[in-house]
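Secondary and tertiary structure notes
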Amino acid sequence: MQNKNCPHVGKAVHIPSLKKALKASWFNFGACGACSKEKRNANAKFPPPTTGINIAKNLDQADSIWMCLKCGVQTCANTNIKENPEAGHTICHFKTPRSDLHCIFVNVVTWSLFCFECKEDLYIDSYKKLREACEMVKKAAEIKSVNNSSTVALNNVSFYEYPVRFYEGKSS
């Protein structure tokens, strides 16, 4: 059963931070930032960290992307996060020591919500703030999706396939 009364929504959902993250030109919607960073470091031959931070576990079970509703960071986790919360980078983001709460996440594909503090799924309609945050993320997802597909389409067009010639005077 989904919990309707999460006491963390007020402090763990921050609309201005989400807006800022979603508007960033470098923002890659639907990608785990931690996995991307680890891949870049591996390609640069940097050794992976082994102490002092939360190390992600069971990355092979992290089949979905979840966004922190406090800061907009995207991390990987299992689609069924309630049953398998330890898989992926989402739990690492939640467990990172901070002065503010980063415990409420939205799945950017299924739009389900989860609070790590309550260990419960949340209803989108249980709080106006949750609905507002999710609608903003959905809108950004649609915009980024349209922008990415048009960019991909433009990048795949070869000028050899579609020649454009400009003629001065009469065309023959």
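My aim in this report is to walk through the structure given alongside it, one point at a time. (Residues numbered from 1 in each chain as written. Predicted model: local features only at pLDDT ≥ 70, side-chain atom pairs only at ≥ 80, totals over all residues. Heavy atoms only, no water.)

**A word on the overall build of the chain**
In plain terms, the rule: Strands are runs of DSSP state E lasting at least two residues, helices are runs of H or I lasting at least four, and both sets are numbered from the N terminus onward. Each residue is assigned to one of three classes by its accessible area relative to the maximum for its type, calculated with a 1.4 Å probe on protein chains only: buried under 20%, partly exposed between the two thresholds, exposed over 50%. Here, residues are in contact when the closest pair of their heavy atoms is within 4.5 Å.
Broken down by element type, the chain carries five helices and five strands. Taking all 172 residues of the chain together, the buried fraction comes to 33%. Intrachain contacts of the chain at a sequence separation of at least 6 include 65% that bridge at least 24 residues.

**A word on the pattern of salt bridges**
To keep it simple, the criterion reads: One speaks of a salt bridge when a side-chain nitrogen belonging to Lys or Arg is within 4 Å of a carboxyl oxygen belonging to Asp or Glu.
The tally for this structure, following the rule as stated, stands at four salt bridges. Here K82 makes a salt bridge to E120, at a shortest N to O gap of 3.0 Å. Within this pair, whereas K82 is found in the loop between β2 (74-77) and α4 (90-95), its partner E120 is found in strand β5 (residues 120-122), the two being separated by 38 residues in sequence. Given the relative accessible area of 22%, E120 is considered partly exposed. Among the charged side chains, a network of salt bridges with common partners joins D125, R131 and E135.

**Describing the packing of aromatic side chains**
Cut-off, in case you're wondering: Pairs were defined over the aromatic rings of Phe, Tyr and Trp, the Trp ring being its six-membered one, requiring ring centres within 6.5 Å. Orientation was assigned from the angle between planes: stacked under 30 degrees, edge-to-face over 60, tilted for the rest.
Under the criterion given, the structure shown has four aromatic pairs. Judged by centre distance (5.1 Å) and plane angle (90°), the ring pair of F114 and F116 falls under edge-to-face. F116 carries the same exposure label as F114, and that label is buried.

**Digging into helix α2 (residues 15-23)**
This is how it is decided: In this description, one arc is meant: the one made by directions from the helix axis to the C-beta atoms.
Listed as buried for α2 are I15, L18, A21 and L22. For α2, the angular spread of buried residues about the axis comes to 125°, placing them on one side. Exposed residues lying more than 90 degrees from the buried face of α2 are P16, K20 and K23.

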